[in-house]
Amino acid sequence: MLIKELVSANLGVILQVDDAFKTQDHLCGLALDDPLPEKFNMSLVIRKNFLPNKKQQEFISVLFKFKSLIEAKI
């Protein structure tokens, strides 16, 4: 929801599937004509003084494990 709000405020863009959009989001999706590349960048941005709660830390850990798996295949 936060990412959608940032996009709505012209502070970012997102790449997501059609099913994730709802009418009340007031966002406009654009269809991609070209297939997505097999490789793309994903970023995690947090404040320096951010202290994640347990669920957030689990999610961050999953992202880093996923990153390690991807790097091992390259």
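All values derive from a computational prediction rather than experimental measurement.

K.L.:
Help me understand the overall build of the protein in this model?
P.N.:
Each helix and strand in the protein was counted, giving two helices and zero strands. Relative to a compact globule of 74 residues, whose C-alpha radius of gyration would be 11 Å, the protein shows 15 Å and is clearly more extended. Over its C-alpha atoms, taken along the principal directions, the protein stretches across nearly 35 × 30 × 20 Å. Burial statistics for the protein: of 74 residues in total, 7% are counted as buried. Accessible area of the protein: about 7600 Å², with a carbon and sulfur share of 60%. In the protein, the 10 positive side-chain charges and the 9 negative ones have mean positions that sit 14 Å from each other.

K.L.:
Explain the layout of surface pockets here, please?
P.N.:
To find the voids left in a structure, one rolls a probe of water-molecule size over its atoms. Each pocket or cavity is described by its volume, and for the second largest pocket that value is around 390 Å³. Looking at the second largest pocket, it is lined by 15 residues, and the ones nearest its centre are Ile14, Phe21, Cys28, Gly29 and Leu30. Across the lining of the second largest pocket, the residue classes tally to 11 nonpolar, three polar and one charged.

K.L.:
Would you explain helix 2 (residues 54-73) in this entry?
P.N.:
Counted at 1.5 Å a residue, the expected span for helix 2 with its 20 residues is 28 Å, and the 29 Å between its end C-alpha atoms agrees. Capping the start of helix 2 is the job of one residue whose side-chain oxygen sits 3.1 Å from the backbone nitrogen of Lys55: Asn53.

K.L.:
Can you help me understand the environment of Gln16 in this one?
P.N.:
For Gln16, the location among the structural elements is in the loop between helix 1 (2-8) and helix 2. What makes Gln16 partly exposed here is its relative accessible area of 29%. Separated by 13 residues in the primary sequence, Gln16 and Gly29 place their C-alpha atoms 9.0 Å from one another. Excluding its chain neighbours within four sequence positions, the residues that come into contact with Gln16 are Lys4 and Phe21.

K.L.:
Explain a nonpolar patch on the surface to me, please; I cannot follow it from the model alone.
P.N.:
Side chains of Leu2, Leu6 and Leu11 sit close together on the surface and give an oily, nonpolar patch of about 320 Å² of accessible area. On the secondary structure map, Leu2 appears in helix 1. Taking the relative accessible area as the measure of exposure, Leu2 reaches 60% and is therefore exposed.

K.L.:
Can you walk me through the side chain of Asp25 in this structure?
P.N.:
Structurally, the position occupied by Asp25 is in the loop between helix 1 and helix 2. The exposure class assigned to Asp25 is buried, which follows from its relative accessible area of 11%. Contact partners of Asp25, with chain neighbours within four places excluded, come to Lys4, Ser8 and Ala20.

What counts, and at which threshold
Throughout, residues of each chain are indexed from 1 in the direction in which the sequence is written. Per-residue local features are limited, in this predicted model, to residues with pLDDT of at least 70; the limit for side-chain atom pairs, both in listing and counting, is 80 or more; totals at the level of whole chains, interfaces and linings are taken over all residues. As a rule here, side-chain values come from all non-hydrogen atoms in the structure, and water together with hydrogens is ignored. Helix and strand assignments follow DSSP, with helices taken as H or I runs no shorter than four residues and strands as E runs no shorter than two, numbered in order from the N terminus. The globule rule used for comparison is 2.2 Å times the number of residues to the exponent 0.38, while the radius of gyration itself is calculated over C-alpha atoms. Each residue gets one of three labels from its accessible area relative to the maximum for its type: buried under 20%, exposed over 50%, partly exposed in between, using a 1.4 Å probe on protein chains only. Only the protein chains shown count as cover for residues, and the accessible areas themselves come from Shrake-Rupley with a 1.4 Å probe. In this tally, Asp and Glu contribute negative charge and Lys and Arg positive charge; neither His nor the terminal groups of the chain are included. A charge is said to be at NZ when it belongs to Lys, at CZ for Arg, at CG for Asp and at CD for Glu. Cavity and pocket criteria rest on a 1 Å grid covering protein atoms alone: a 1.4 Å probe that fits but cannot get out defines a cavity, protein on both sides within 12 Å along at least 5 of 7 lines defines an open pocket, and an atom within 4 Å of a point defines a lining residue. Grid points are joined across faces, edges and corners, and a volume is the space filled by probe spheres set on the points. Throughout, the ten residues Ala, Val, Leu, Ile, Met, Phe, Trp, Tyr, Cys and Pro are labelled nonpolar, Asp, Glu, Lys and Arg are labelled charged, and all others, Gly among them, are labelled polar. Take the number of residues in a helix, subtract one, and multiply by 1.5 Å to get its expected span. Polar contacts, as counted here, are pairs of nitrogen or oxygen atoms within 3.5 Å of one another; within protein the pair requires one atom able to donate a hydrogen and one able to accept it, and residues that are adjacent in sequence qualify only if both atoms are side-chain atoms. Residues are treated as being in contact if the distance between any of their heavy atoms lies within 4.5 Å. Only residues above 30% relative accessible area that lack a salt bridge enter a patch, with like-charged residues linked at up to 9 Å and the nonpolar side chains Val, Leu, Ile, Met, Phe, Trp and Tyr linked at up to 5 Å. Just to be clear on terms, a salt bridge is a Lys or Arg side-chain nitrogen sitting within 4 Å of an Asp or Glu carboxyl oxygen.

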